[in-house]
Amino acid sequence: FNETGSGFGAAVPAFFRRPYGPGWALVGDAGYVKHPVTAQGITNSFSHAEMLAEALDEVFSGRAQMDQALAGYEHRRNEEVLPMFEYTTQLAKLEPMPPEMLVLLNALRSNQEETGRFIGTVTGAVSIPEFFSPENINRVIEAAALKPAA
């Protein structure tokens with residue numbers, strides 16, 4: 001993974017590092033870098049530290065070999081952060097929104113609950129793949145179409 005997310009005054013390189021090697025492991029921003037626009041750094045650090053601790057517990061308890069456990073940690077980390085990484089990179093570019101996004105934002109204007117869920121995608125409280133699934137997007141847009149004009 002390697003992109004450059006720019007915006008907010010400066011380009012920020014966006015990339016993943018292999019988060020482990022002989023005698024060392026990385027968590028949070030040390031293991032992958034993205035634009036800070038979504039402010040996920042400390043959340044990722046805590047989550048990755050917990051994943052790493054679980055991997056090391058597998059090793060120290062004899063349930064896994066070091067390389068196997070750390071490769072599993074890397075896989076879980078990547079699965080967890082990739083949707084937010086892609087989302088953040090797109091937001092940071094500050095490019096005009098695609099027409100589909102404008103339709104969604106228009107539908108959200110009159111739907112407080114779904115607006116809250118949309119904002120939750122930026123904070124990491126709501127799953128990006130879940131919220132932006134075609135089924136959910138269609139449901140939000142259809143609900144807005146059924147509401148009477150104010």
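Residues numbered from 1 in each chain as written. Predicted model: local features only at pLDDT ≥ 70, side-chain atom pairs only at ≥ 80, totals over all residues. Heavy atoms only, no water.

### Details of the confidence of the model for the protein
Do not read the fine detail of predicted coordinates wherever pLDDT is low.
Part 1 of the reasoning: Per-residue pLDDT for the protein has a mean of 89; in total, 91% of the residues score no lower than 70.
Part 2 of the reasoning: No element of the protein has a lower mean pLDDT than strand E1 (residues 2-7), at 47, and none a higher one than strand E4 (residues 24-25), at 97.
Part 3 of the reasoning: For the stretch residues 4-9, pLDDT sits under 50, and the model shows 20 contacts to residues farther than four places along the chain or on other chains. (pLDDT = per-residue confidence, 0-100. Helix = DSSP H or I, 4+ residues; strand = E, 2+ residues; numbered from the N terminus. Contact = heavy atoms within 4.5 Å.)

### Observations concerning unusual backbone geometry
Part 1 of the reasoning: In this structure, Ala39 is a non-glycine residue whose phi angle is positive, near 50 degrees.
Part 2 of the reasoning: Residue position: Ala39 is located in the loop between strand E5 (32-33) and helix H1 (41-60).
Part 3 of the reasoning: Take Ala39: its relative accessible area is 61%, and that puts it in the exposed class.
Part 4 of the reasoning: One non-glycine residue with positive phi stands out, namely Leu94, at about 55 degrees.
Part 5 of the reasoning: Within the element layout of this structure, Leu94 appears in the loop between helix H2 (66-92) and helix H3 (99-108).
Part 6 of the reasoning: Its relative accessible area of 51% is what places Leu94 among the exposed residues. (Buried < 20%, exposed > 50% of the residue type's maximum accessible area, 1.4 Å probe, protein only.)

### Some points on the environment of Ile128
Part 1 of the reasoning: Residue placement: Ile128 occurs in helix H5 (residues 128-131).
Part 2 of the reasoning: Since its relative accessible area comes to 11%, Ile128 is described here as buried.
Part 3 of the reasoning: Expressed as a C-alpha distance, the spacing of Ile128 and Asn44, which sit 84 residues apart in the sequence, is 15 Å.
Part 4 of the reasoning: For Ile128, the residues in contact, after removing those within four places along its chain, are Pro83, Met84, Tyr87 and Thr121.

### Some remarks on the environment of Val37
Part 1 of the reasoning: Within the element layout of this structure, Val37 appears in the loop between E5 and H1.
Part 2 of the reasoning: Separated by 37 residues in sequence, Val37 and Glu74 place their C-alpha atoms 24 Å apart.

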